[in-house]
Amino acid sequence: MKEILDKINKLKIDLNKWGHAYYVLDNPIVDDAEYDKSLNELIKLEKEYPEFLTSDSPTQKVGGVVMEKFEKYKHKLPMLSLSNAFNKEDLLNFDDQILKEIENKNYNFFVEPKIDGLSISLIYKNGNLFKGVTRGDGVYGEDVTSNVKTIKSIPLSISDKSDYVEIRGEVFLSKNEFEKINKQRQNNDEEIFANPRNAAAGTLRQLDSSIAASRKLDAFLYYFMDREKFHTHSDSLKYLEEMDFKVNKLGKICNNIEEVYNHIQFIQEQREKLDYEIDGVVIKINDFDLYEKVGYTAKSPKWAIAFKFPAEVKETKLKNIFATVGRTGRITYNASLEPVQIAGTTVQAATLHNADFIIQRDIRIGGKVKIKKAGDIIPEVISPIEDDNYLKLEKWIEDKVCPECNSDLERVEGEVDQYCINSQCPRKIVRGLEHFVSRDAMNIEGLSIKIIEKLFENNFIKNVGDIYKLNKYKNDLIKLDKMGEKSVNNLLDSIEKSKNNSFDKLFFGLGIRHVGKKTAKTLAINFKTIDKISALTFEDLEQVNDVGPIVAKSVCDWFAIKQNNDLIEALKQEKVNMTYLGNEGTKNNDKITLKSFVITGTLSKPRNHFRDLLEEYGAKVIDTVSKKTDFLLAGKEAGSKLEKAEKLGVKILTEEEFLEMIGE
Ligand code: IVH
């Protein structure tokens, strides 16, 4: 037995060493075949002797855990974000602010790339990876440990055996891996991801961890939370490296803003060459002992700032302009472009918004255009390049008919957008179905736009009511290309489950114009059932706080259409719930529910935390104080909002009073 255990331990040590060299240092020391041979040997031994299987074994990186949902996890300390700088002046201001807090103190900065991924918090207990948690709203994140465990560059156990070690960083997908995933998705007729960050986010939130394992997520770590242990950020990074974490190599200590600025330029020059996306540079005071002195605002530390790179602008040829139809019938014009590399991805399509946008700029097919891509925003055409060739090109004229159903397009007086008003337009229906099943609406998993299109084309679904009849066609669905028994079963389960959603999700999913997620919830909280809402008059609706005449009219118009009432009847027949149940966590408190709040000043936690808390109680959080405001929640150093509230006689609550009110 001892021999077996020794063998297992040796395999683990070797595999961990080789994995670290490969995934963290990017410097393999054995070839893949040797790695795989040892891994298979270890898998075999652990199967034979399960008593020797430990949670930190390299075999545990392959995934296979399937979660029902991710649990919420409260961060020990909120995960803050950073304020932004866009130019040198902003950096000098940042420096001035620091100087104000700590006169005459010498300090330097640490300057490192801002990785464009998702922040993650890793918690190790007694040396073992205990939790991997997303940022979430900063206070509560999602426990995605099962997926984090599949990330090869994140060690399952570390040499620091303290009871609690927390390290934060960024999970990302390399540009290479991103292109690979998208190619695969394209081949499978699945929708492609817009950029590596979305792909990483989609992967980290997969309930089946073998998907995460197959997609090769990666992670840079940049924040060691126990600041007692070191005096500087740079020392803490060295420690992270010693513990086998992946730490970015482009970080550097800079002595003043001039040096900071130079290093920013240097990192920016490297940007294209890097195999991962960065969207800026983070500048931190290097000296940990100054952090508390320099302090925090409600949302972000004052000891760090993110320098955002300007959106990259490129030139390319506009090959064609084509229109698409959204679920409301709104027409969007798009450009098809000669492929061009921007910020690490190949772009061959960009939005041109609406007809006015194109006409005002006199953008012409066949000409050269400037395009930009900022963050995860869809690429956008900015302007034409008026070279010699440009004037020879024909002026563009807007479409007169819907590109999908050929019916005439309409434009409402004073609005820039054109609409297809044919209620039977196939594209509108498909987009409407896509909205209905989306996460914030009925949250039906397994109905991607591609599958919806297929079901629509094959006459399985013509409206949202038909989704609930799909269970009658199980065998036909299985035969459909790329569906398969397992995915059909999952889909039907998800559809069945959605029948019990709280009514606000259904109401939002119906896609009534101007009824967004918030409005749907407000109306659902106020009136509880669809029957009550459908019986309301325009005047009744307008009375509701936050519902203006536009929304009121839109809701009335919707219920005046027979087809829509037929749809509600059909959904009722299928036993889809039409009553507001209160979302998980929605609480009732007569003093708070449906009241309006403004939040101001510095509170003990970021404002978003209080906003979420209030919304859980069904309160409305607004930005400006008016006579209609019920309460002002005022933290320290509250300014003009507090003055205005005092003047208008709005009830003012301190944080303590507020917490008492909700009984916390
Ligand atoms: S330090 C207190 N360093 O950028 C916040 N953040 O808004 C400490 N990010 O949410 C963050 N690269 O997800 C830091 N090298 C880096 C980073 C980085 C990316 C992300 C992080 C944060 C956001 C800033």
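Residues numbered from 1 in each chain as written. Predicted model: local features only at pLDDT ≥ 70, side-chain atom pairs only at ≥ 80, totals over all residues. Heavy atoms only, no water.

Section: the packing of aromatic side chains
Right, on to step 1. Scanning all chains against the criterion turns up 24 aromatic pairs.
Right, on to step 2. Note on Y22 and Y23: the rings are 4.7 Å apart at their centroids and 75° apart in plane angle, and the pair reads as edge-to-face.
Right, on to step 3. Residue Y22 is classed as partly exposed on the basis of its relative accessible area, which comes to 38%.
Right, on to step 4. We classify Y23 as partly exposed; its relative accessible area is 24%.
Right, on to step 5. Through pairs of rings, three or more aromatic residues link up here, namely Y223, F288, Y291, Y296 and W303.
Right, on to step 6. In this structure, K76 is placed above the aromatic ring of Y164, and the distance from its NZ or CZ to the ring centre is 3.9 Å. (Phe/Tyr/Trp six-rings, centres within 6.5 Å; stacked < 30°, edge-to-face > 60°. Buried < 20%, exposed > 50% of the residue type's maximum accessible area, 1.4 Å probe, protein only. Lys NZ or Arg CZ within 6 Å of the ring centre and 35° of its normal.)

Observations concerning the pairing of strand β7 (residues 165–172)
Right, on to step 1. Counting buried residues along β7, eight of its eight residues qualify, which places the element largely inside the surrounding structure.
Right, on to step 2. Pairing between strand β4 (residues 118–125) and β7: seven bridges, direction antiparallel. Counterpart to L122 in the pairing with β7 is I167.
Right, on to step 3. With six bridges joining them, β7 and strand β8 (residues 218–224) adopt antiparallel strand pairing. Considered in β8, the bridge of E170 is made with F220. (Helix = DSSP H or I, 4+ residues; strand = E, 2+ residues; numbered from the N terminus. Pairing = 2+ DSSP bridges.)

A word on the side chain of K284
Right, on to step 1. Within the secondary structure layout, K284 lies in strand β10 (residues 278–285).
Right, on to step 2. Look past the residues within four positions of K284 in its chain and what remains in contact with it is N108, F109, F110, E112, Y222, H233, Y291, W303 and A304. (Contact = heavy atoms within 4.5 Å.)

Here's the deal with unusual backbone geometry
Keep in mind that most residues, glycine aside, have a negative phi and that most peptide bonds are trans.
Right, on to step 1. Within the chain, K528 stands out as a residue other than glycine whose phi angle is a positive 70°.
Right, on to step 2. Mapping K528 onto the fold places it in the loop between α18 (517–527) and α19 (530–534).
Right, on to step 3. With relative accessibility at 37%, the residue K528 sits in the partly exposed group.
Right, on to step 4. Positioned with a positive phi, K575 is a non-glycine residue whose angle comes to about 65°.

A word on helix α23 (residues 607–616)
Right, on to step 1. Of all the positions in α23, only H609, F610, L613 and L614 are classed as buried. All buried residues of α23 project into a common sector of 130° when viewed along the axis, lining one side.
Right, on to step 2. Where α23 terminates, the next one or two residues include G618, which has phi positive at roughly 70°. (Arc of directions from axis to C-beta.)

Looking at the site of the ligand
Right, on to step 1. By nearness alone, 13 residues border the ligand, and L82, E112, I115, E170 and Y222 come closest of all.
Right, on to step 2. Taking K114, its side chain carries an N or O atom lying 3.4 Å from an oxygen atom of the ligand.
Right, on to step 3. Within the side chain of E170, one N or O atom sits 2.7 Å away from an oxygen atom of the ligand.
Right, on to step 4. When residues of the shell around the ligand are traced back to their parent elements, those giving at least two are β3 (109–115) and β10.
Right, on to step 5. Taken together, the residues that form the shell around the ligand break down as seven nonpolar, two polar and four charged. (Near = heavy atom within 4 Å. Polar contact = N/O pair within 3.5 Å; in protein donor to acceptor, adjacent residues only side chain to side chain. Nonpolar A, V, L, I, M, F, W, Y, C, P; charged D, E, K, R; others polar.)

Some remarks on the pattern of salt bridges
Right, on to step 1. Applying the stated criterion across every chain yields a total of 34 salt bridges.
Right, on to step 2. Residue E142 is joined to R205 by a salt bridge in which the shortest nitrogen-to-oxygen separation is 2.7 Å. With E142 in strand β6 (residues 140–142) and R205 in the loop between α6 (196–204) and α7 (209–214), this residue pair connects regions lying 63 residues apart in the sequence.
Right, on to step 3. The partner of K517 in a salt bridge is D440, and the shortest N-O contact between them spans 3.7 Å. Here K517 is found in helix α18, whereas its partner D440 is found in the loop between α12 (426–437) and α13 (449–457), with 77 residues between them in sequence.
Right, on to step 4. Overall, D440 belongs to the partly exposed group, its relative accessible area being 38%.
Right, on to step 5. Because the salt bridges share partners, they merge into one network encompassing E272, E312 and K314. (Salt bridge = Lys/Arg side-chain N within 4 Å of Asp/Glu carboxyl O.)

Examining the sheet that holds strand β11 (residues 304–308)
Right, on to step 1. With respect to topology, five strands assemble into an open sheet ordered β2-β11-β10-β3-β9, the strand pairing being mixed. Only two strands of the sheet have a single partner each, and these edge strands are β2 (84–85) and β9 (252–254).
Right, on to step 2. Across seven bridges, β3 lies against β10 in antiparallel orientation. Bridging across to β10, I115 finds its partner in I278.
Right, on to step 3. The strands that helix α3 (residues 88–101) touches are β2, β3, β10 and β11; relative to β11, the one it contacts most, it runs at about 175°. (Axes fitted to C-alpha atoms, helices over the stretch in contact; angles between N-to-C directions.)

Structural notes on the state of the cysteines
Right, on to step 1. Under the criterion given, the structure shown has zero disulfides.
Right, on to step 2. Here C402 stays unpaired: no disulfide links it, and the sulfur of C405, its closest cysteine neighbor, is 3.6 Å away.
Right, on to step 3. On the basis of relative accessible area, C402 is assigned to the buried category, the value being 1%.
Right, on to step 4. Here C425 is not cross-linked by a disulfide; its sulfur's nearest cysteine counterpart is in C405, at 3.8 Å.
Right, on to step 5. Classification of C425 by relative accessible area gives buried; the value is 0%. (Disulfide = S-S within 2.5 Å.)

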